[in-house]
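Tertiary structure, described
Each chain, letter by letter, is given below.
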Protein chains: 4
Amino acid sequence: MEMKNGSVVLAYSGGLDTSCILLWLKEQGYEVIAYLVTPHTTHGVFIEDLRSEFVQEFIWPALQANAVYEDRYLLGTSIARPCIARRQVQIARREGAQYVSHGATGKGNDQIRFELTCYALYPQVQIIAPWRIPEFYSRFRGRTDLMEYAEKHGIPVPVTPKAPWSMDANLMHISYESGILENPKNHAPPDLYQMTKNPEDSPNEPDVLEIHFAKGVPVKVRHVKEGTCKETPLEIFCYLNEIGGKHGVGRIDIVENRFIGMKSRGIYETPGGTILLHAHLDIETFTMDREVRKIKQSLGIKFSEFIYNGFWYSPECDFVRHCIDKSQESVEGCVQLSVFKGQVYILGRESPKSLYNEELVSMDVQGDYDPCDASGFIRINAVRLREHNRLQGAAQKKL
Amino acid sequence: MEMKNGSVVLAYSGGLDTSCILLWLKEQGYEVIAYLVTPHTTHGVFIEDLRSEFVQEFIWPALQANAVYEDRYLLGTSIARPCIARRQVQIARREGAQYVSHGATGKGNDQIRFELTCYALYPQVQIIAPWRIPEFYSRFRGRTDLMEYAEKHGIPVPVTPKAPWSMDANLMHISYESGILENPKNHAPPDLYQMTKNPEDSPNEPDVLEIHFAKGVPVKVRHVKEGTCKETPLEIFCYLNEIGGKHGVGRIDIVENRFIGMKSRGIYETPGGTILLHAHLDIETFTMDREVRKIKQSLGIKFSEFIYNGFWYSPECDFVRHCIDKSQESVEGCVQLSVFKGQVYILGRESPKSLYNEELVSMDVQGDYDPCDASGFIRINAVRLREHNRLQGAAQKKL
Amino acid sequence: MEMKNGSVVLAYSGGLDTSCILLWLKEQGYEVIAYLVTPHTTHGVFIEDLRSEFVQEFIWPALQANAVYEDRYLLGTSIARPCIARRQVQIARREGAQYVSHGATGKGNDQIRFELTCYALYPQVQIIAPWRIPEFYSRFRGRTDLMEYAEKHGIPVPVTPKAPWSMDANLMHISYESGILENPKNHAPPDLYQMTKNPEDSPNEPDVLEIHFAKGVPVKVRHVKEGTCKETPLEIFCYLNEIGGKHGVGRIDIVENRFIGMKSRGIYETPGGTILLHAHLDIETFTMDREVRKIKQSLGIKFSEFIYNGFWYSPECDFVRHCIDKSQESVEGCVQLSVFKGQVYILGRESPKSLYNEELVSMDVQGDYDPCDASGFIRINAVRLREHNRLQGAAQKKL
Amino acid sequence: MEMKNGSVVLAYSGGLDTSCILLWLKEQGYEVIAYLVTPHTTHGVFIEDLRSEFVQEFIWPALQANAVYEDRYLLGTSIARPCIARRQVQIARREGAQYVSHGATGKGNDQIRFELTCYALYPQVQIIAPWRIPEFYSRFRGRTDLMEYAEKHGIPVPVTPKAPWSMDANLMHISYESGILENPKNHAPPDLYQMTKNPEDSPNEPDVLEIHFAKGVPVKVRHVKEGTCKETPLEIFCYLNEIGGKHGVGRIDIVENRFIGMKSRGIYETPGGTILLHAHLDIETFTMDREVRKIKQSLGIKFSEFIYNGFWYSPECDFVRHCIDKSQESVEGCVQLSVFKGQVYILGRESPKSLYNEELVSMDVQGDYDPCDASGFIRINAVRLREHNRLQGAAQKKL
């Protein structure tokens, strides 16, 4: 007879891996509490619906930061992990479980994101990561081993053949990697994408939207022609996913640098998030002071790296989030944009808080501006350059 | 009888403004040397063809830096100005002229870019900027005044009615601003764009290209289906302009922050440059170490600000260009991409110098990697977070 | 008869320059309101005592930021200027004056600091900077001209011969420049310093102090042996000036880069500020998370540049000040230090909010730490390095 | 009979720990190659004299970078580790040893610095870190266990009682930590310091030196009064250690953040390095363009973090070192300074490559500078501030 090792809360996705892990943990003598979240939309088994808090507490702050990792990845998986792990830890505390477990592999970023969140919020927790336990990973060397184990123990086994890649879906995006995608030269097959239409098959007419922002987050989306309006965070985000998906927006194919030091190839589709990033960049630059923006931009890049590496719950993320939040106070107004064939086109914007001054910038009227000032401005900026030239005696050389 | 004030080299575009300035300078007693460059492709009057050096000495370094101002603008005008002014100064030195002049306005960035270049390369030069001289700008208060002056003095006057905005074209891009665009809410009229087709009217079939890089710059472009190949910098760039233009790639509508402290609205189309930016980002991340990339990314952002503000010829730009150049040593390989309906899709990449290690990252084979190491990695990264939690006693609060 | 040009508030120091300017402005037809502040302690004429607000609203935020320009200068003049100009503008508004004036030269930083503050807080203000008005500076080409003018108009003229350099004193520091100091090779004469004793003549016994911090600012100073205690900002700062001055603390001789693009040589003495900087650095690192500190450090460097360049009142300074303030929430505790012969020695520190964990770090006890984790941590950190090596095949080359 | 496990190169310090480790490794069946370096000056057993390469290849680049960790620590230990480990790996390769070993503890930074260097330069190496092997650290739970083991096996045991702290000495500095120093409130005992005299007992006369730099590194030191001259890197550094030590220069007491996430208290004395840092900062700012300096400063901070964390041999350190090296091309000239009672005072400087322009900056002559330009410069800089004010309507609020 097995001895009880205590309770473990397992982040259960309903897939083959975590189904087997669930059973294996029981075999090891643990009492297992399975926990499913809807950001993983697979299988329709919903124990916890975290979608609203995911949008408001995770997607919105990332949007305020224009969070993009390595210039392209919108961090859809990275911000889902702390959201999932936070609830997992809440359940563990509530249920008096001293263990948590997950099915993330030993080479990826997700193990880190899950576990750093757990340690940060529940420092005494013990973590069981089967894919890093030799006993486990030596026993299950591939999908076949898992299938056999599942069948033997009556775990329902997926009947559809597995795609030759792995995918991970949540409200914000789907990511694809592994399998045939591991060769970075291989093109993604056309049937891979689940959230977005192929732009070649998408409508031949754009949809024009109006997105209203307050404090750097969307508060209303309106379809200009149809008049459709969405005003709660979850509804806004789902609607933008729908429009973006319909027009094939937000597909990227990249090689990225994992926290553990490997390069990996990932394909992502982030329809709603991509529309919002374009709109937010526009309204932010329209309303934010230039120098504040420079500082905020560099904070946003750091924030993205922290999130990617799993440090959502950390002193540095708390700090940067606070700073970025402060920068968004005047980021308010409305952006008009068109969504068409995989692309987002900004059409125009207005704001009650813009620093844009039409009279000042006009080529037709002078405004409160004396062009002669520019001569002095330029000449003083040239002092340093002329000194440098004097010393280098190098002007001629450069010519 | 007028007295001779000396020689002035005028950056002449062939347009109404600089035509009038040319005459006005003569009226003031200067001997005027008009100088035209082909980055301004208007009017077919080519005195100096700077296109090759523009691509190699200006566009290529900007590409290596992934130079983008305020997250969106590819700096097509900003890098053209030092290229033009450098030749202007060469001519001035050669001709013994102590003056240079230009038609840039007193509220814009271009006056700064022109003049800082002139001061940096020819510190003793005197600059005549008529649009900042009260005598000039009080006399010519609008287009009508210029037209009258031109007609009166036999300067050929444009017969086509002026578009209600201004545009500036060079090999890299066209920018549009002023006039009806000054209201940031106004949409750009559909007939505005000159370099790119409207994506709604662009082909329904993508073009697939292969771009080969060495040291971070393109060395060959091949059309996969048609087999077309381009191998010199100028040909490569022109060909990508053609393909990008055909598919409507590279249109943006932004509000940006000028160096003089105003916000202004600009519309840009940069077809070839946009394709190259996508391709370069891909091959760079594929071949560059993660931590080098982080540093290089922040240098690239600074570089973009320097360029935008007119400091191409400056100690800081020299320095950063040197550093970025160093970072590109291994940025080599080939990117496959598809161009379609305003968008660029990366399809795959390969490189003899990639740090990507298919075996190491594979989910199917272990490679030279022990997953158990990750446990220690995560736990050590958690030391600081757990300490923070201990002090804050705040885990509960966050849950 | 002169015509009235309106009222001008003059930042009057009581010295020769501003005395002459005062008269000259009257000659030009202005009604002049002279305004003296005690940060300039010269001449005992106190109209406005800004010392308390200078300490709390300017020195304290600079201290929280560890504000140091170009690694050495503690910004004593830079933060005094916005303090002075703010009051000047308040007086101007109150008195309905549309002009302000100052005696700063046309080559220095102070003109910028004064005027940017004025424009930021009173955008409609007109500024009269006589040292940039040809009419004025052509008339007064040197000290002799000023002396003659003063004598002729009955302005009291300094009887003591002028030192062959200029100095500027406030509560925080004295700066010395110009004259014989313009040759950067010349040593500062021993009798130059006014606030600090020559360390060669300072006491042969250290003073040991205890400085208590809360939210990153000092709230109490105690002399350990003598028991003297100071608890208000102004008293604390004056007392540290006294102790620092007695021991010759805070003298530097540097060449710095002015905002207008010149290098200039400056000598500064900042006794109290230097003691505080050492103490604050200590307690900050003791209590602040490492990664927060890194971000805060880079913000502090930017903040220092903004302040130096005159942007105290600017969106970017507001923003950064807010962020830095946030970072100081837990910077609390007590530092013991010794002041002796020009140097400050940190002796020890304690804090109720420190992240220092004596048990965790101890070499004698294990604490909640498993040394085996470090192996995994190191090996994962090495993944990237080993990959790099693999590619470079370069280990041998390096050996 | 023991089985041979292969050869291991042990970084041997001659102290109790590594003496025991040496024996223990033999017990485990390894053939041990002991390797001593003189940066550890203990015990007079010199196998490898790395001092010259330590100065030129490690201290000089750190100096060029003004490398300082967390604003105070000059990284004396951090740069010694890669120097030692590099040779260790060279020996291992030469001797065909597949193992290396060291006596660093499991909580410190040194284990990381040693091992990352080894992995970077010899990716296939196996590392034996006894203080992380349960078998070892459970057996030797304290100094007493080591002493007993040593006595039992005839290892010479230190006769002098151990100081109640640990120290680590090399050519650049000595660090002290652990034991009674673990309580961050405890003052360092006066007899702790070995390299520097107590400033209270140091000479009452300063020594004045002249340090000559080329490309950012010292090439000559001259004692102004005595005429002593040193011109090779090792001699220069040793001489500055001597002068600095004599005057008690370079003592600090700090709490720092280790890479593994703990705060630890360290006391350091770095006499020669501290003098050089002051001198280098001076000549660098004297000769380097302001904007280049800003970028270089931020690179130097990153470089310091990389070094501290053990990444001397890494792509990012290679890259940053290259960039910093480039920045030093014009850092040339001579600094005069005085060393006295724990402090370094810069007295003056000169350089054939300085950007300092005495005529330009002079208050007495105008030089090639028009003060009127400053008005335009300031007004253009104010455009943004006035716009901000306009929008905020907040000037009054601030007053």
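Bear in mind that the values here come from a model prediction, so they are computed numbers and not experimental data. (Residues numbered from 1 in each chain as written. Chains lettered and ligands numbered in written order. Predicted model: local features only at pLDDT ≥ 70, side-chain atom pairs only at ≥ 80, totals over all residues. Heavy atoms only, no water.)

Points about the interface of chain D and chain C
- Taken together, the contacts link 112 residues of chain D with 111 residues of chain C.
- Of the roughly 10,200 Å² buried where chain D meets chain C, counting both sides, 57% is carbon and sulfur surface.
- The tally of links from chain D across to chain C stands at eleven salt bridges.
- Between chain D and chain C we count 49 residue pairs in polar contact (both at pLDDT 80 or more) in total.
- A per-element tally of the side of chain D that touches chain C places helix α12 (residues 371-392) of chain D first, with 14 residues.
- Among the residues forming the side of chain D that touches chain C, the class breakdown is 48 nonpolar, 28 polar and 36 charged. (Contact = heavy atoms within 4.5 Å. Buried area = accessible area lost by both parts, 1.4 Å probe. Salt bridge = Lys/Arg side-chain N within 4 Å of Asp/Glu carboxyl O. Polar contact = N/O pair within 3.5 Å; in protein donor to acceptor, adjacent residues only side chain to side chain. Helix = DSSP H or I, 4+ residues; strand = E, 2+ residues; numbered from the N terminus. Nonpolar A, V, L, I, M, F, W, Y, C, P; charged D, E, K, R; others polar.)

What about the sheet that holds strand β9 (residues 229-230) of chain C?
Residue and element names in this part refer to chain C.
- Reading across the sheet, the five strands line up as β9-β8-β7-β12-β13 and stay open at both edges, with antiparallel pairing between neighbours. Either end of the sheet is taken by a strand with one partner, and the two such strands are β9 and β13 (343-350).
- Across the sheet, helix α7 (residues 233-246) lies against β7 (207-214), β8 (217-223), β9 and β12 (333-340), angled at about 55 degrees from β8, the strand it touches most.
- Strand contacts of helix α8 (residues 271-287): β7, β8, β12 and β13, with the helix running at about 30 degrees to β13, the strand carrying the most contacts. (Pairing = 2+ DSSP bridges. Axes fitted to C-alpha atoms, helices over the stretch in contact; angles between N-to-C directions.)

Concerning the pairing of strand β10 (residues 251-257) of chain C
Residues and elements named next belong to chain C.
- With six of seven residues buried, β10 is to be regarded as a mostly interior element.
- Of the strand pairs in this sheet, β10 and strand β11 (residues 263-269) are connected by seven bridges, and their pairing is antiparallel. Paired with R251 across the two strands is E269, which belongs to β11.
- Linkage of β10 to β11, two consecutive antiparallel strands, is achieved through a turn of five residues, within which G261 is found at a positive phi near 100 degrees. (Buried < 20%, exposed > 50% of the residue type's maximum accessible area, 1.4 Å probe, protein only.)

With respect to the interface of chain C and chain A
- Taken together, the 23 residues of chain C in the interface contact 23 residues of chain A.
- In total, about 2,000 Å² of surface goes out of reach between chain C and chain A, with carbon and sulfur atoms giving 77% of it.
- Area buried by chain C at its contact with chain A is led by I295, F319 and H322 of chain C, which between them contribute 29% of it.
- There are zero salt bridges connecting chain C and chain A.
- Between chain C and chain A we count one residue pair in polar contact (both at pLDDT 80 or more) in total.
- Mapped by element, the contributors of at least two residues to the side of chain C that touches chain A are α9 (290-309), α10 (315-327) and α12 (371-392) of chain C.
- Tallied by class, the residues present in the side of chain C that touches chain A amount to twelve nonpolar, four polar and seven charged.

Some thoughts on the relation of the copies chain D and chain C
- With an axial shift of 0.0 Å and an RMSD of 0.0 Å, the rotation relating chain D to chain C amounts to 180 degrees. The relationship between the two copies is best expressed as a two-fold rotation axis.
- An overlap of 99% is found between the interface residues of chain D and their copies at the interface of chain C, pointing to a shared contact surface. (Least-squares fit on C-alpha atoms with pLDDT ≥ 70 in both.)

Quick look at the domain arrangement of chain A
- Here the domain parsing of chain A yields domain 1 (7-159), domain 2 (168-288 + 330-350) and domain 3 (362-393).
- Each of domain 2 of chain A and domain 3 of chain A has a C-alpha centre, and the two are 41 Å apart. (Domains from an automatic or database assignment.)

Points about the sheet that holds strand β12 (residues 333-340) of chain D
Residue and element names in this part refer to chain D.
- Here we have five strands laid out as an open sheet, ordered β9-β8-β7-β12-β13, and antiparallel in their pairing. Looking along the sheet, the strands with just one partner apiece sit at the ends: β9 (229-230) and β13 (343-350).
- Against the sheet, helix α7 (residues 233-246) engages β7 (207-214), β8 (217-223), β9 and β12, with an angle of about 55 degrees to β8.

Focus on the relation of the copies chain C and chain A
- Rotating chain C by 180 degrees and translating it 0.0 Å along the rotation axis places it on chain A, where the RMSD comes to 0.0 Å.
- The fraction of interface residues of chain C whose copies in chain A are also interface residues reaches 100%, indicating that both copies meet through the same surface.

Remarks on unusual backbone geometry
Residues and elements named next belong to chain A.
- A positive phi is found at L75, a non-glycine position, where the angle reads about 70 degrees.
- Looking at the secondary structure, you find L75 in the loop between α2 (51-64) and α3 (76-95).
- With relative accessibility at 0%, the residue L75 sits in the buried group.

Remarks on the nonpolar core
- Judged by nonpolar contacts, the single largest core of 400 residues is most densely connected at L337 of chain A, L337 of chain B, L337 of chain C together with L337 of chain D.
- Residues in contact with L337 of chain D, not counting those within four places in the same chain, are D207, V208, L209, I211, I275, A279, V344, Y345, I346 and L347 of chain D.
- Judged by nonpolar contacts, the second largest core, of 23 residues, contains I21, L25, I128 and W131 of chain A. (Core = buried A, V, L, I, M, F, W, Y, C linked by side-chain atoms within 4.5 Å.)

A closer look at the pattern of salt bridges
- Following the criterion strictly, the structure yields 125 salt bridges over all chains and no others.
- Overlapping salt bridges bring together D282 and R349 of chain C together with R72, D253 and R265 of chain D as one network.

Details of the pairing of strand β2 (residues 30-35) of chain B
Residues and elements named next belong to chain B.
- Pairing analysis gives six bridges linking strand β1 (residues 6-11) to β2, with the strands arranged parallel. Each bridged residue has a counterpart across the sheet, and for G6 the counterpart in β2 is Y30.
- This β-α-β element, β1 to helix α1 (residues 16-27) to β2, shows right-handed connectivity. (Right-handed = clockwise from strand over helix to strand, strands pointing away.)

So, helix α3 (residues 76-95) of chain B
All names here are of chain B.
- In a regular helix each residue adds 1.5 Å, so 20 residues correspond to 28 Å; α3 covers 29 Å between its end C-alpha atoms and thus fits that length.
- α3 sits mainly inside the fold: 16 of its 20 residues count as buried.
- Two residues or fewer past α3, G96 is found with a positive phi of approximately 70 degrees. (Expected span 1.5 Å × (residues − 1).)

Here's the deal with the packing of aromatic side chains
- Tallied over the entire structure, the rule returns 66 aromatic pairs over all chains.
- Geometrically, the ring pair formed by F136 of chain D and F140 of chain D is tilted, given 4.7 Å between the ring centres and 45 degrees between the ring planes. We note that F136 of chain D, like F140 of chain D, is buried.
- Put simply, the rings of F259 and F311 of chain A, F377 of chain B, F377 of chain C together with F259 and F311 of chain D touch in pairs and so form one group of aromatic residues.
- The side chain of R251 of chain A reaches across the aromatic face of Y193 of chain A, ending 3.7 Å from its centre.
- Lying over the aromatic face of Y308 of chain C, R113 of chain C brings its terminal NZ or CZ to 4.8 Å of the ring centre. (Phe/Tyr/Trp six-rings, centres within 6.5 Å; stacked < 30°, edge-to-face > 60°. Lys NZ or Arg CZ within 6 Å of the ring centre and 35° of its normal.)

A closer look at the UniProt feature "domain: Arginosuccinate synthase C-terminal" (unreviewed entry) in chain A
- The UniProt record annotates "domain: Arginosuccinate synthase C-terminal" (unreviewed entry) at residues 165-386 of chain A.
- Along residues 165-386 of chain A the backbone is 37% helical and 25% strand, and the end-to-end C-alpha distance reaches 59 Å. (UniProt positions renumbered as here; feature names shortened; annotations may be inferred.)

What about the packing of helix α4 (residues 110-121) of chain D against helix α9 (residues 290-309) of chain D?
Residue and element names in this part refer to chain D.
- The interhelical angle for the contact between α4 and α9, taken along N-to-C directions, is 95 degrees, at an axis separation of 8 Å. Taken together, α4 and α9 sit at an angle that is classed as roughly perpendicular. Between α4 and α9, the contacting residues are I112, R113 and L116 on the first element and I307, Y308 and N309 on the second.
- Among the residues making up the contact of α4 with α9, the classes are represented as four nonpolar, one polar and one charged. (Parallel < 35°, antiparallel > 145°, perpendicular 65-115°, else oblique.)

What about the side chain of S264 of chain D?
- Positionally, S264 of chain D belongs in strand β11 (residues 263-269).
- On the basis of relative accessibility, which here comes to 1%, the residue S264 of chain D falls in the buried class.
- Of note is the side chain of S264 of chain D, whose polar atom sits 3.2 Å from the side chain of R258 of chain D.
- Ignoring any residue separated from it by four or fewer positions in sequence, one finds S264 of chain D in contact with Y356 and V361 of chain C together with I254, V255, E256 and R258 of chain D.

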